[in-house]
Amino acid sequence: MTSNGLFPFTDEHEMIRQAARDFAQNEIAPIAAEFDESGEFPSHTIMKMGELGLMGIEVPEEYGGAGMDTLAYVLALEEISKADAAHGTIMSVNNSLFCYGLLRFGTEAQKQKYLRAVASGKHVGAYSLTEPMSGSDAGTMRTRAVRDGDCYVLNGRKSWVSSGPVAKYIVVFSMTAPEKKQRGITAFIIETDRPGFSVGKKEPKLGIRASATSEILFEDCRVPVENRLGEEGEGFKIAMAVLDAGRIGIASQALGIAEAAYEASLEYARQREAFGQKIGEFQGISFKLADMKTRIEAARLLIYSAAMAKERSKKTGERFTLEASIAKLFASETAMFVTHAAVQIHGGMGYSKELPIERYFRDAKITEIYEGTSEIQRLVISRMESGLR
Ligand SMILES: Cc1cc2nc3c(=O)[nH]c(=O)nc-3n(C[C@H](O)[C@H](O)[C@H](O)COP(=O)(O)OP(=O)(O)OC[C@H]3O[C@@H](n4cnc5c(N)ncnc54)[C@H](O)[C@@H]3O)c2cc1C
């Protein structure tokens, strides 16, 4: 099902979906288990994704991207994540968290210098908001940036940076006026070869293990004023606007994982026999499959609808926060529901590393946590609906 009647899909969309699907199934799926086991960053396939235009899908061609729209982005990300969610994370961070922020808030010089390199897939980009003592509540961050002439001097420790160990450039959020809390946060584009910057401990993870995640450290790291993204104090606004885009990506990642788990379960239910019949003929199993399919198709509609809201916002400037949060909340909980059921349908084989089902289950969980937990999505949705702050 593609929901073609409801959304303006074109031949171009079908083309990118097919290209992403072919690449994902032929080149990513066969190596996914090995990279999950080793936890190694899949540099080779990520480089090829850059060559295919998958690392800067919505970035205009003049800045090195593919110049396509949000529907193209969600279709491609779904296909990549269906083969391997870790590749999906790397792609999503690069497209949404780095490129979208630069495109929307960067100066022309910043776009030429940093966006072009990352959108074209030449280098990997990352985004660093979280700290060991500051996650959902970004206003409590401790990293400081103090102005000193033409530079800011950064000190502090950021945690959970996806692609942190391999990124060439990272958008980093730091306090310039701690007394102002959220309004005292400023964003910077950091070159990771800058003195005073270092990569800290690697985060050991349950899932998406091939996406490199680490702490990053700043010790008297001097960053020129021209590396500031937006104005002083605009960091929180930028961080949240970027997450709106990111959440649509994570919803697509969740959908990809759920689809992979569903399709494997359907196939298994058709083949596996117990008590003299196919297990898919037991109502206990067939109703599970019906619930999985229903939630997947509902998630798909919410994602396409959020993608359309983001497209409209390019013309009207209207926010798409609500649509993005709803899509992320529903799709991530769908991924958890579907992968949980998939393990059950596969019985003992669902628990075995000989099949990818247990990996789907582990990978699905992250979509309920990063870029705003499910609780934070409920907070955003309820506040926006009630008008209360
Ligand atoms: C694999 C991975 C990759 C990540 N990648 C990145 C990245 O690239 N860049 C980046 O900046 N961050 C990244 N993160 C961090 C991630 O965004 C945070 O972990 C997440 O936002 C939650 O923050 P926290 O872990 O500090 O949890 P906390 O904020 O401490 O929350 C703990 C629990 O309390 C709940 N809670 C908190 N506040 C409320 C509230 N007001 N109402 C109800 N419940 C609440 C939460 O929902 C959660 O259940 C990543 C995390 C992981 C695990």
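What comes next is a walk through the structure. (Residues numbered from 1 in each chain as written. Predicted model: local features only at pLDDT ≥ 70, side-chain atom pairs only at ≥ 80, totals over all residues. Heavy atoms only, no water.)

What follows is about the overall build of the protein. Counting its secondary structure elements, the protein contains 10 helices and 10 strands. For the protein, the C-alpha radius of gyration of 21 Å lies close to 21 Å, the compact-globule estimate for 389 residues. Reported as C-alpha extents along the three principal axes, the dimensions of the protein are approximately 80 × 45 × 40 Å. Across the 389 residues of the protein, 57% fall into the buried class. Carbon and sulfur atoms make up 54% of the accessible area of the protein, which amounts to about 16,700 Å² in all. One finds the centroid of the 47 positive side-chain charges in the protein at a distance of 4 Å from the centroid of its 52 negative side-chain charges. (Helix = DSSP H or I, 4+ residues; strand = E, 2+ residues; numbered from the N terminus. Rg over C-alpha atoms; globule rule 2.2 N^0.38 Å. Buried < 20%, exposed > 50% of the residue type's maximum accessible area, 1.4 Å probe, protein only. Areas by Shrake-Rupley, 256 points an atom, 1.4 Å probe, with all protein chains shown as cover. Lys, Arg positive; Asp, Glu negative; His and termini not counted. Charge placed at Lys NZ, Arg CZ, Asp CG, Glu CD.)

The next subject is helix α6 (residues 235–271). Given a rise of 1.5 Å per residue, 37 residues ought to cover 54 Å, and the 53 Å separating the end C-alpha atoms of α6 matches this to within 8%. A large share of α6 lies buried, amounting to 29 of its 37 residues. (Expected span 1.5 Å × (residues − 1).)

Further remarks concern the packing of aromatic side chains. In the structure shown here, the tally under the stated rule is seven aromatic pairs. Relative to Tyr169, the ring of Tyr114 has its centre 4.9 Å away and its plane inclined at 75 degrees; by these criteria the two rings are edge-to-face. Pair noted here: Tyr114 is in helix α5 (residues 108–119) and Tyr169 is in strand β4 (residues 169–175), with a separation of 55 residues, a long-range link. When sorted by exposure, Tyr114 lands in the same class as Tyr169, which is buried. Ring centres 4.9 Å apart and planes at 65 degrees place the aromatic pair Tyr152 and Phe188 in the edge-to-face group. Here Tyr152, found in strand β3 (residues 151–162), pairs with Phe188, found in strand β5 (residues 185–191); they are 36 residues apart in sequence, far enough to count as distant. Both residues of the pair, Tyr152 and Phe188, count as buried. Counting every residue linked through ring pairs, the aromatic cluster contains Phe7, Phe9 and Tyr304. (Phe/Tyr/Trp six-rings, centres within 6.5 Å; stacked < 30°, edge-to-face > 60°.)

A separate point is the environment of Val161. Within the secondary structure layout, Val161 lies in strand β3. Val161 sits in the buried class, given a relative accessible area of 0%. Sequence separation of Val161 and Val172 is 11 residues, and the distance between their C-alpha atoms is 9.8 Å. For Val161, the contacting residues outside a window of four places in its chain are Ala126, Tyr127, Ser128, Ile170, Ala212, Thr213, Ser214 and Ile216. (Contact = heavy atoms within 4.5 Å.)

Residue placement: Ser92 occurs in helix α4 (residues 85–105). On the basis of relative accessible area, Ser92 is assigned to the buried category, the value being 0%. In this structure the C-alpha to C-alpha distance between Ser92 and Gly235, which are 143 residues apart in sequence, comes to 20 Å. Every residue in contact with Ser92, bar those within four places of it in the chain, is listed here: Tyr73, Leu77, Leu97, Gly246, Gly249, Ile250 and Glu371.

As a matter of local geometry, the ligand sits amid 19 residues, with Thr130, Ser136, Trp160, Thr373 and Glu375 nearest to it. Tyr127 is positioned with one of its backbone polar atoms (N or O) 2.9 Å from a nitrogen atom of the ligand. In this structure, an oxygen atom belonging to the ligand sits 2.8 Å away from a side-chain N or O atom of Glu375. For the ligand, whose unbound accessible area comes to 960 Å², protein coverage reaches 65%. Breaking the shell around the ligand down by element, the ones donating at least two residues are β1 (125–128), β3 and α10 (374–386). In the shell around the ligand, the residues fall into 10 nonpolar, six polar and three charged. (Near = heavy atom within 4 Å. Polar contact = N/O pair within 3.5 Å; in protein donor to acceptor, adjacent residues only side chain to side chain. Nonpolar A, V, L, I, M, F, W, Y, C, P; charged D, E, K, R; others polar.)

Further remarks concern helix α3 (residues 70–83). Because an α-helix completes one turn every 3.6 residues, residues spaced three or four positions apart along the sequence face the same direction. The end-to-end C-alpha distance of α3 is 20 Å, a good match for the 20 Å that 14 residues give at a rise of 1.5 Å each. Most of α3 is tucked away, with 14 of its 14 residues classed as buried. The N-cap residue of α3 is Asp69: its side-chain oxygen and the backbone nitrogen of Leu71 are 3.3 Å apart.

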